[in-house]
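One-letter residues, chain by chain:
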Amino acid sequence: MKTQVGIIGAGPAGLSLALLLQRAGIDCIMLESRSREYVESRVRAGLLEQNTVDLFNELQVADRLHKEGLQHHGVYFNFDGESIRIPFDELTGGRCITIYGQQEVVKDLIKANSDRGVKIIFEATAAKIEDFETTAPKIYFKQNGEEHIVECDFVAGCDGYHGIARKALPAKCYNEFKKEYPFSWLGILANAAPSTDELIYAFHERGFALHSLRSEKVSRLYLQVDNDDTTDNWSDKKIWEELSIRLSSKGFMLHTGEIFEKAITPMRSFMIDNMQYGRLFLAGDAAHIVPPTGGKGLNLAVADIKWLSSAIIDFYNNNKEEKLKNYSADCLRRIWRAQDFSNFMTYLFHKQAAHDSFEYHLQKARFEYIQSSKAQATTIAENYVGLKDI
Ligand code: RFL
Ligand code: PHB
């Protein structure tokens, strides 16, 4: 098979890249190791920054997002049962976030790609990338036990944290940074009307809790748990009791309901400081992971793709390689900012040490500063809705 851009992975990164290239008349082939049903039902993110929604609007893939997504103009932060609201509208000049499940984003993007004639090959696992230091790279992939080759001008490694693209980069061309946090998230989806109009991030002496939403009838909630914990330890009854304790504040009443999804996710930060080599370019989780406390992972994947698509388009349309050369540096500014914000949110809200420890007092001091300082609340609001210009 021959194409201009070979894309590995049909997650938010790969799918948005294909749409941007297709719009510019550039041919691509996308390989996805899983089935279409599997990727369309994989439950993950929910928080979309304004920039991400703007791009989906521009690509004309946001009709359902506008019908079913929930626009939020603020967020609640709780600390030891005390609740404050950060008003985005007022602090960021009208920017906001949209709550819309990642699996819905993926469904919309796959449909748009298929309608527009982009070739996505499902259940096709990329095994090897070769010759990317030349102008004729090749991706070897397997489907139904048979080996095939995609010959292309560029390879986009959009294959997530466990993919092969990052491992294909020569080890000498990047430095790696890794932080494993001593806690994980137990995430649930439940047929329960949300108990709040906007997200609640809560610090509690028993651990962090997050109340998010999916629709008028479905809630998404998370609990901080130990890294060695398993879902078997968490009956539905225990989950609702724990959420009710950790989220409690004046006047708050938790609605409960049938839990239909339960999973534990470890919390980590991961970074490489160079996302390209020759004609191989990484984007999204393939190059960086942030703990989900800031709601940044999917949004960063889309931000990388804006740089990558514009660099590839500039190469084909204007014969210019400048943007391709600068790709990593252009992406890394935003990624490091988001790493810092996600780390800040993680340390602000997770229980790390005893209730009367030095750590606890620092966390409390941070919360009180947000409460009393418009400058600090503004810093949080502008990072949370997503910085506009980096
Ligand atoms: P993905 O989504 O992992 O897609 C990679 C795709 O590549 C495929 N693949 C391969 N295909 C072919 N050959 C191979 N060898 C392959 N190896 C892998 C995989 O099957 C997959 O389909 O990466 P992408 O596109 O970079 O997107 C990243 C986002 O998925 C991720 O950052 C977010 O889910 C993170 N995240 C959140 N991000 C937000 O922006 N806002 C949030 O509110 C938010 N909440 C979350 C999250 C992630 C969570 N978990 C479960 C990790 C909440 C949670 C709990
Ligand atoms: C979600 O809705 O799944 C969600 C929202 C905010 C986060 C993380 C996850 O920080």
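Residues numbered from 1 in each chain as written. Chains lettered and ligands numbered in written order. Predicted model: local features only at pLDDT ≥ 70, side-chain atom pairs only at ≥ 80, totals over all residues. Heavy atoms only, no water.

Draft legend 1. Highlighting unusual backbone geometry. The phi dihedral of Q60 falls on the positive side, at around 55°, and the residue is not glycine. Tracing the chain through its elements places Q60 in the loop between α3 (50–58) and α4 (63–68). A relative accessible area of 66% means that Q60 is categorised as exposed. A positive phi angle, close to 55°, is found at E123, a residue other than glycine. (Helix = DSSP H or I, 4+ residues; strand = E, 2+ residues; numbered from the N terminus. Buried < 20%, exposed > 50% of the residue type's maximum accessible area, 1.4 Å probe, protein only.)

Draft legend 2. Just the site of ligand 1, in detail. Near ligand 1 lie 34 residues; those nearest to it are E32, R42, Q102, D285 and L298. A distance of 3.2 Å separates an oxygen atom of ligand 1 from a polar atom in the backbone of P12. For ligand 1, an oxygen atom lies 2.9 Å from a polar atom in the backbone of A13. Relative to its unbound accessible area of 1,000 Å², ligand 1 is 88% covered by the protein chains. Per-element accounting of the shell around ligand 1 gives the leading share, four residues, to helix α9 (residues 297–318). Looking at the shell around ligand 1 residue by residue, the classes come out as 14 nonpolar, 13 polar and seven charged. (Near = heavy atom within 4 Å. Polar contact = N/O pair within 3.5 Å; in protein donor to acceptor, adjacent residues only side chain to side chain. Areas by Shrake-Rupley, 256 points an atom, 1.4 Å probe, with all protein chains shown as cover. Nonpolar A, V, L, I, M, F, W, Y, C, P; charged D, E, K, R; others polar.)

Draft legend 3. Representation of the sheet that holds strand β7 (residues 97–99) within the structure. Judged by pairing direction, the sheet is antiparallel, and its three strands sit side by side in the order β3-β7-β4 without closing on themselves. Whereas interior strands pair on both sides, the edge strands pair on one side only; in this sheet they are β3 (47–48) and β4 (70–72). Pairing of β4 with β7, which is carried by three bridges, proceeds in the antiparallel orientation. Looking at β7, one finds that Q71 is bridged to T98. (Pairing = 2+ DSSP bridges.)

Draft legend 4. Structural context of the nonpolar core. The biggest cluster of nonpolar side chains holds 78 residues, and the ones touching the most others in it are V5, I7, L31 and F56. In terms of residue count, α9 provides more of this core than any other element does, nine residues in total. In contact with I7, other than residues within four places in its own chain, are G14, L17, A18, C28, I29, M30, L31, A156 and C158. If you look at the next biggest cluster of nonpolar residues, it comprises 33 residues, including L47, F203, F208 and F367. (Core = buried A, V, L, I, M, F, W, Y, C linked by side-chain atoms within 4.5 Å. Contact = heavy atoms within 4.5 Å.)

Draft legend 5. Looking closely at the packing of helix α1 (residues 12–23) against helix α6 (residues 102–115). Relative to each other, α1 and α6 sit at 30°, their axes nearing to 10 Å. Between α1 and α6, the interaxial angle falls into the category roughly parallel. Seen along the crossing, α1 lies across α6 with a hand that is left-handed. Within the contact between the two elements, α1 uses P12, L15, S16, A18 and L19 and α6 uses Q102, V106, L109, I110, A112 and N113. In terms of residue class, the contact of α1 with α6 is made up of eight nonpolar, three polar and no charged. (Axes fitted to C-alpha atoms, helices over the stretch in contact; angles between N-to-C directions. Parallel < 35°, antiparallel > 145°, perpendicular 65-115°, else oblique. Left-handed = near helix turned anticlockwise from the far one by under 90°.)

Draft legend 6. Broad picture of the domain arrangement of the protein chain. Domain annotation of the protein chain identifies domain 1 (5–71 + 98–177 + 269–344) and domain 2 (181–268 + 350–385). The centre of domain 1, based on its C-alpha atoms, is set 29 Å off from the matching centre of domain 2. Contact with domain 1, which involves 25 residues of that partner, is made by 22 residues of domain 2. Here domain 1 and domain 2 share an interface that buries about 1,900 Å² over both sides, 62% of which is from carbon and sulfur atoms. Viewed at the interface, domain 2 and domain 1 are joined by zero salt bridges. Connecting domain 1 to domain 2 are seven residue pairs in polar contact (both at pLDDT 80 or more). Elements with a minimum of two residues in the side of domain 1 that touches domain 2: β17 (258–272) and α11 (327–349). A per-element tally of the side of domain 1 that touches domain 2 places α11 first, with four residues. Among the residues making up the side of domain 1 that touches domain 2, the classes are represented as 13 nonpolar, seven polar and five charged. (Domains from an automatic or database assignment. Buried area = accessible area lost by both parts, 1.4 Å probe. Salt bridge = Lys/Arg side-chain N within 4 Å of Asp/Glu carboxyl O.)

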